[in-house]
Amino acid sequence: MSENRESRLTVGEVARLVGVSVRTLHHYDEIGLVAPSGRTPSGYRSYSAADVERLHQVLTYRELGFPLEEIATLLDDPSVDALAHLRRQRELLEQRIDRLHRMAAAVEKMMEAKQMGIQLTPAEQREIFGDNWPGEEYAAEAEQRWGDTDAWKQSQARSAKWTKDDWQQIKAETDALEADFAAALAEGAAADSDRAAALADRHLESIRRHYDCGYDMQVNLAQMYVADERFRRHYDDVAAGLAQYLHDAIVANAARHG
């Protein structure tokens, strides 16, 4: 029995369904990558569910960076069944998601560094902050947010004089401070304890290296750590709940000095 009308789609319908252009579908048809298996009574191309499934596989491989010729070879390999293709695509997608998560973490570090006026070359940034450091391409957001402030200008002027060794020391001190905050959290030190207050003071001094920062401004930074998902994720990757703990410790310490 032939498929009924409801099970087939026109080129335009498929284009809207999967989010590609009609021109792309025509190209895929011309090269034999995704050829519609039927025609309407008027002679127009029509796609079955199997055709659309193949198209989704093509688009997934394209998203993963495979050239069209290699995609055709993969999909037309008689030794690989459809379920095996789906397993392979899921594995590749999971690998890409992991890579994007690592890149996102690097972006967060870059934004925080730029907010403090980093002046390193891309190669130096990768050396100090890791191979996934994305470099200058992510600097624009930080400058757009703080570029007109006195703190930004002061930070730029100070950091322009720093060497790579200076930045390596700053990175080491920042990592140590985050580790000490995480230890205090893990050991149950209250956010308003003397131990947390001492850590909050260390945090303030680390900011003052870059620009003049008072307790009010430090509290504003702390609010960003929990309000901005990127900063929250950075700290919570160090230790679950660290972003909120850091925020609360800074706020409590500022109240002591209020």
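What you are looking at is a predicted structure, and each value in this text was computed from that prediction instead of being measured. (Residues numbered from 1 in each chain as written. Predicted model: local features only at pLDDT ≥ 70, side-chain atom pairs only at ≥ 80, totals over all residues. Heavy atoms only, no water.)

(A) Representation of the packing of aromatic side chains. Under the criterion given, the structure shown has four aromatic pairs. Ring centres of Tyr225 and Tyr235 lie 5.0 Å apart, and the angle between their planes is 55°; this geometry places the pair in the tilted category. Taken together, the residues span a long stretch of sequence, with Tyr225 in helix α11 (residues 215-227) and Tyr235 in helix α12 (residues 229-238) at a distance of 10 residues. Ring-pair connections join several aromatic residues into one group, and the members of that group are Tyr225, Phe231 and Tyr235. (Phe/Tyr/Trp six-rings, centres within 6.5 Å; stacked < 30°, edge-to-face > 60°. Helix = DSSP H or I, 4+ residues; strand = E, 2+ residues; numbered from the N terminus.)

(B) A look at the nonpolar core. Core analysis: the largest hydrophobic core is formed by 30 residues, its most contacted members being Phe181, Tyr225, Leu242, Tyr245 and Ile250. No other element matches the seven residues that helix α13 (residues 242-256) contributes to this core. Of all hydrophobic cores here, the second largest spans 20 residues; its members include Val18, Tyr28, Val58 and Tyr61. (Core = buried A, V, L, I, M, F, W, Y, C linked by side-chain atoms within 4.5 Å. Buried < 20%, exposed > 50% of the residue type's maximum accessible area, 1.4 Å probe, protein only.)

(C) Broad picture of the confidence of the model for the protein. For the protein, the average pLDDT comes to 81, and 80% of its residues sit at 70 or higher. Here residues 1-5 is a poorly scored stretch, pLDDT under 50, and it has four contacts once near neighbours within four places are set aside; other chains count. Predicted confidence is poor over residues 132-142, with pLDDT under 50, and the contacts of this stretch with residues over four places away or in other chains come to 30 contacts. (pLDDT = per-residue confidence, 0-100. Contact = heavy atoms within 4.5 Å.)

(D) A look at the packing of α12 against α13. Interhelical geometry of α12 versus α13 gives an angle of 105° and a closest axis separation of 7 Å. Classed by the angle they form, the pair α12 and α13 counts as roughly perpendicular. Only Leu242, Ala243, Gln244 and Leu246 of α13 make contact with α12, whose side of the interface consists of Arg232, Tyr235, Asp236 and Val238. Across the contact of α12 with α13, the residue classes break down as five nonpolar, one polar and two charged. (Axes fitted to C-alpha atoms, helices over the stretch in contact; angles between N-to-C directions. Parallel < 35°, antiparallel > 145°, perpendicular 65-115°, else oblique. Nonpolar A, V, L, I, M, F, W, Y, C, P; charged D, E, K, R; others polar.)

(E) Layout of the sheet that holds strand β1 (residues 9-10). Judged by pairing direction, the sheet is antiparallel, and its three strands sit side by side in the order β1-β3-β2 without closing on themselves. Sheet topology places β1 and β2 (38-39) at the edges, where each strand pairs with a single neighbour. Examined bridge by bridge, β1 and strand β3 (residues 45-47) share two bridges and lie antiparallel to one another. Residue pairing across strands places Thr10 opposite Ser46, the latter belonging to β3. (Pairing = 2+ DSSP bridges.)

(F) Structural view of helix α1 (residues 11-18). All of the buried residues along α1 are Val11, Val14, Ala15 and Val18. The buried residues of α1 occupy an angular sector of 100° when the element is viewed end-on, so they sit on one face. Projecting away from the buried face of α1 at angles above 90 degrees are the exposed residues Arg16 and Leu17. Immediately downstream of α1, the backbone of Gly19 shows phi near 80°, a positive value. (Arc of directions from axis to C-beta.)

(G) The arrangement of the pattern of salt bridges in detail. With the rule as written, the count across this model stands at 10 salt bridges. Of the charged contacts in the structure, one is a salt bridge between Asp212 and Arg158, with a shortest N-O distance of 2.8 Å. On the criterion of sequence distance, the pair formed by Asp212 in the loop between α10 (194-208) and α11 and Arg158 in helix α8 (residues 150-159) is long-range, its members being 54 residues apart. Here Asp180 and Arg202 are joined by a salt bridge, their closest N and O atoms 2.7 Å apart. Highlighted residues: Asp180 in helix α9 (residues 164-186) and Arg202 in helix α10, separated in sequence by 22 residues. For Arg202, a relative accessible area of 37% translates into the label partly exposed. (Salt bridge = Lys/Arg side-chain N within 4 Å of Asp/Glu carboxyl O.)

(H) Representation of the environment of Ala72 within the structure. Relative to the helices and strands, Ala72 is located in helix α4 (residues 68-75). With a relative accessible area of 22%, Ala72 lands in the partly exposed category. Along the chain, Ala72 and Gly32 lie 40 residues apart, while their C-alpha atoms are 8.4 Å from each other.

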